[in-house]
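# Fold and geometry: a report
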Amino acid sequence: MAIAAVPGYINFEDDSDSPVDGMGSLRLLVVGMTAAGKSALGNSILGAEEKLTTPFVSKLSPAPVTKSSESKDAKVFDYHVSIVDTPGLFDTTNYIEDRNVLMRSISLVPPGPHAILLVVKVGRFTEEVVRGIEQMRQSFGKNSTRFLIIVFTHVDSLFDDDDSDRDDEEGNRDATQTIAVKRALKLQQYVDRISGPCRALLEDCSMRYVGVNNKFKSTSVENRQQVKQLLSTIDKLKKENRQECYTQQRLDNEIKGGKEDEKQDPKGGKCSRCWRYFCCCCICMFCVWMFTKWSYHN
């Protein structure tokens with residue numbers, strides 16, 4: 001497999017300071033469940049070139065650390081990057097409250113974010129995680145996926161301990177690149193094994209995903225490179241969407257659209273489809289019975 005064909009591959013020979021063309025701004029909304037690594041991701045992005053004086057609060061805690069949405073900005077690789085860190089969302093089935101939080105969060109980066117970064121911690125997809133992802137889709141609406149990028153955090157847990165040891169022992173770029181490609185392949189293999197609602201979400205957003213190693217220090221060369229990769233993905237998405245962003249109006253339209261669907265389909269989507277399927281089967285069976293009876297008498 002060619003190096004360029006490996007998703008998530010980081011080219012350590014690229015020493016350029018800008019991963020994107022020209023000057024501009026990138027507005028990002030970071031969302032996800034509690035303890036997924038949202039605040040740490042924001043600090044990694046904003047602190048890629050210099051240490052943040054007031055970083056997002058990020059620490060191990062049995063309780064949620066981020067209580068409310070907060071925005072910070074910095075110049076990163078010649079781009080003005082604004083990030084909104086949000087409290088843990090999609091932990092419950094209260095999608096109305098989640099939408100209220102999202103409304104307030106979007107207002108912090110007017111007119112809205114260019115990309116929604118859904119932070120997912122690498123590991124086994126438990127029922128709680130699956131439910132959270134389904135909750136996220138319901139909260140944002142079906143038309144939000146063209147702004148969505150999935151960021152897998154703690155990808156270092158996918159790598160063997162001997163890889164980490166080799167990182168310390170090898171100082172040349174060839175060895176570093178070999179390890180980077182190997183790790184990108186491991187992330188791809190992990191993603192290939194994802195199924196169910198999580199897989200559906202990946203396909204809905206055209207398989208836009210990146211992996212983040214949380215062991216890298218913000219100002220390290222490795223973190224600079226993984227931030228470059230993420231910003232390049234965001235910049236490409238921004239161009240594909242013709243500079244459009246996810247506004248409060250878009251979210252409001254999704255909410256109104258969902259209410260209209262509920263009015264037209266009061267039984268709920270899946271239940272209503274099952275009911276229609278059952279009725280169709282009954283009608284078909286009745287028609288077959290009538291045809292058989294008519295044929296018997298004739």
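Further up the page is the structure itself.
This section reports on the structure supplied with the text. Keep in mind that this is a model prediction, so the values were computed, not measured.

What counts, and where the lines are drawn
Throughout this document, residue positions are counted from 1 along each chain, in the order its sequence is written. Under the rules for a predicted model, residues below a pLDDT of 70 receive no local features and side-chain atom pairs below 80 are neither given nor counted, while totals for whole chains, interfaces and linings still include all residues. Only heavy atoms go into the side-chain values, all of them from the structure, while hydrogens and water stay out. Residues are called lining when one of their atoms sits within 4 Å of a cavity or pocket point, these points coming from a 1 Å grid over the protein atoms alone, where a cavity is a set in which a 1.4 Å probe fits but cannot get out and a pocket is an open set with protein on both sides within 12 Å along at least five of seven lines. Grid points are joined across faces, edges and corners, and a volume is the space filled by probe spheres set on the points. What counts as a helix is a DSSP run of H or I of at least four residues, what counts as a strand is a run of E of at least two, and both are numbered from the N terminus. Each residue gets one of three labels, nonpolar for Ala, Val, Leu, Ile, Met, Phe, Trp, Tyr, Cys and Pro, charged for Asp, Glu, Lys and Arg, and polar for the others, Gly among them. Nitrogen and oxygen atoms within 3.5 Å of one another constitute a polar contact, given that in protein one can donate a hydrogen and the other can accept it, and given that sequence-neighbouring residues count only through two side-chain atoms.

Our next topic: empty space enclosed by the protein. Inspection of the entire model under this criterion finds 2 cavities of 30 Å³ or more. Reported here for the largest cavity is a volume of approximately 50 Å³. Of all the elements, helix α6 (residues 196-204) adds the most residues to the lining of the largest cavity, at 3 residues. When the residues that make up the lining of the largest cavity are grouped by side-chain class, the tally is 10 nonpolar, no polar and no charged. Its boundaries defined by the atoms lining it, the second largest cavity holds a volume of some 40 Å³. Lining the second largest cavity, in full, are Leu-41, Ser-44, Ile-45, Val-212, Asn-223, Gln-226, Val-227 and Leu-230. A per-element tally of the lining of the second largest cavity places helix α7 (residues 221-240) first, with 4 residues. Looking at the lining of the second largest cavity residue by residue, the classes come out as 5 nonpolar, 3 polar and no charged.

This part is about the side chain of Asn-223. Relative to the assigned elements, Asn-223 resides in helix α7. At 3.0 Å, the side chain of Asn-223 forms a polar contact with the backbone oxygen of Ser-44.

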